[in-house]
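# Coordinate inspection notes
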Amino acid sequence: LGADNVVASSDNDSMLANEKSMDLILNTIPTGHNWSAYQGLLKKGGKQCLLGIHSGFAAAMVANQIRRFSFTDCTVVNSMIGGIKNTEEVLALCAKNNIYPEVEVIPVAKLNEVYTMLDAANDSGKRYVLDIEKTLTEQAMASYSSEAPTIGPNHNGLNPGGIVKDLTKMLFCY
């Protein structure tokens, strides 16, 4: 993809050694986090692109609309998807290089269990696929008795307060 350098954000020495050295940061953290911790890595004119759906992502959408009308540039941008052509290119690259996701096929009866587990964390990045053909039958549903999934509170900051907080940082600090 043309990357010249990778910095582990958990390594403070690496973060300090790479201050003002990046043209682009692809921030793929899919939940609420301190995206501003990476701003110091950007060169003048550099961009941080937020890809996960969280308050920073939503704030970047608004900040870039506001800045567009004020003829100033925002260093934090967002991307929903690159489009069909770009998605096809990524899939072709993955197929060519044997890059595949970790997938587990599960019966429909385990759906609530998986929702609860994914709400807690998905550190492995595993993807779950429902086996609808074999397990979504009248017989299986007749014997199905499961509690509703246990879903915890929203920790991604995707709420009006979180968006306003991140928008303020983007407009007035970076």
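Residues numbered from 1 in each chain as written. Predicted model: local features only at pLDDT ≥ 70, side-chain atom pairs only at ≥ 80, totals over all residues. Heavy atoms only, no water.

## Comments concerning the overall build of the chain
- Helices and strands together make up the secondary structure of the chain, namely seven helices and five strands.
- Starting at the N terminus and walking to the C terminus, you meet the elements of the chain as α-β-β-α-β-α-β-α-β-α-α-α.
- Taken against the 2.2 N^0.38 rule, which gives 16 Å for 174 residues, the C-alpha radius of gyration of the chain at 20 Å runs more than 25% over that of a compact globule.
- For the chain, the C-alpha atoms occupy an extent of roughly 60 × 40 × 35 Å along the three principal directions.
- For the chain, the residues scored as buried account for 24% of the 174 residues in total.
- Long-range pairs, those at least 24 residues apart, make up 54% of the contacts in the chain with a sequence separation of at least 6.
- Split by element, the accessible area of the chain, about 12200 Å² in all, is 59% carbon and sulfur.
- Here the chain contributes 14 positive and 18 negative side-chain charges, whose respective centroids are spaced 10 Å apart. (Helix = DSSP H or I, 4+ residues; strand = E, 2+ residues; numbered from the N terminus. Rg over C-alpha atoms; globule rule 2.2 N^0.38 Å. Buried < 20%, exposed > 50% of the residue type's maximum accessible area, 1.4 Å probe, protein only. Contact = heavy atoms within 4.5 Å. Areas by Shrake-Rupley, 256 points an atom, 1.4 Å probe, with all protein chains shown as cover. Lys, Arg positive; Asp, Glu negative; His and termini not counted. Charge placed at Lys NZ, Arg CZ, Asp CG, Glu CD.)

## Here we look at the pattern of salt bridges
- The tally for this structure, following the rule as stated, stands at five salt bridges.
- When the shortest N-O distance is used, the salt bridge between K126 and E102 registers 3.9 Å. Remark: E102 occurs in the loop between α3 (84-96) and β4 (103-106) and K126 occurs in the loop between α4 (111-120) and β5 (127-130); sequence separation between them is 24 residues.
- Assessed through its relative accessible area of 18%, K126 is described here as buried.
- Across the salt bridge formed by K169 and D166, the nearest N and O atoms sit 3.8 Å from each other. Of the two residues, K169 and D166 are both situated in helix α7 (residues 160-173); the distance of three residues between them amounts to about one turn of the helix.
- A relative accessible area of 5% places D166 in the buried class.
- Connected through salt bridges with shared partners, the residues E102, E104 and K126 form a single ionic network. (Salt bridge = Lys/Arg side-chain N within 4 Å of Asp/Glu carboxyl O.)

## Observations regarding the packing of aromatic side chains
- Applying the stated criterion across every chain yields a total of zero aromatic pairs.
- Across from the ring centre of W35, 5.0 Å away, lies the NZ or CZ of K169, which sits over that ring. (Phe/Tyr/Trp six-rings, centres within 6.5 Å; stacked < 30°, edge-to-face > 60°. Lys NZ or Arg CZ within 6 Å of the ring centre and 35° of its normal.)

## Observations concerning a nonpolar patch on the surface
- A grouping of I53, M61, V62, I66, M80 and L158 is seen on the molecular surface, where their side chains present a nonpolar patch of about 520 Å² in accessible area.
- Tracing the chain through its elements places I66 in helix α2 (residues 55-70). (Patch = residues over 30% accessible without salt bridge, like charges linked within 9 Å, V, L, I, M, F, W, Y side chains within 5 Å.)

## Topic: the sheet that holds strand β2 (residues 42-50)
- Strand order in this open sheet of three strands is β1-β2-β3, and the pairing throughout is parallel. Since the sheet does not close on itself, it has two edges, and those belong to β1 (22-27) and β3 (76-78), each with one partner. Here the average twist between neighbouring strands, direction ignored, is 20°. (Pairing = 2+ DSSP bridges. Axes fitted to C-alpha atoms, helices over the stretch in contact; angles between N-to-C directions.)

## A look at the nonpolar core
- In this structure, W35, L50, F57, A59, A60, A63, C74, V76, L167 and M170 together form the largest nonpolar core, which totals ten residues.
- Broken down by element, this core gets its largest block of residues, four residues, from α2.
- Setting aside residues no more than four positions away along its own chain, M170 makes contact with W35, L50, G56, A59, A60, A63, R67 and V76.
- Ranked by size, the runner-up nonpolar core spans seven residues in total, among them M15, M22, Y38 and L42. (Core = buried A, V, L, I, M, F, W, Y, C linked by side-chain atoms within 4.5 Å.)

## Describing the pairing of β4
- For β4 and β5, the ladder comprises four bridges, and the chain directions are parallel. Residue pairing across strands places I106 opposite L130, the latter belonging to β5.
- Assessed by its sense of winding, the connection that carries the chain from β4 through α4 to β5 is right-handed. (Right-handed = clockwise from strand over helix to strand, strands pointing away.)

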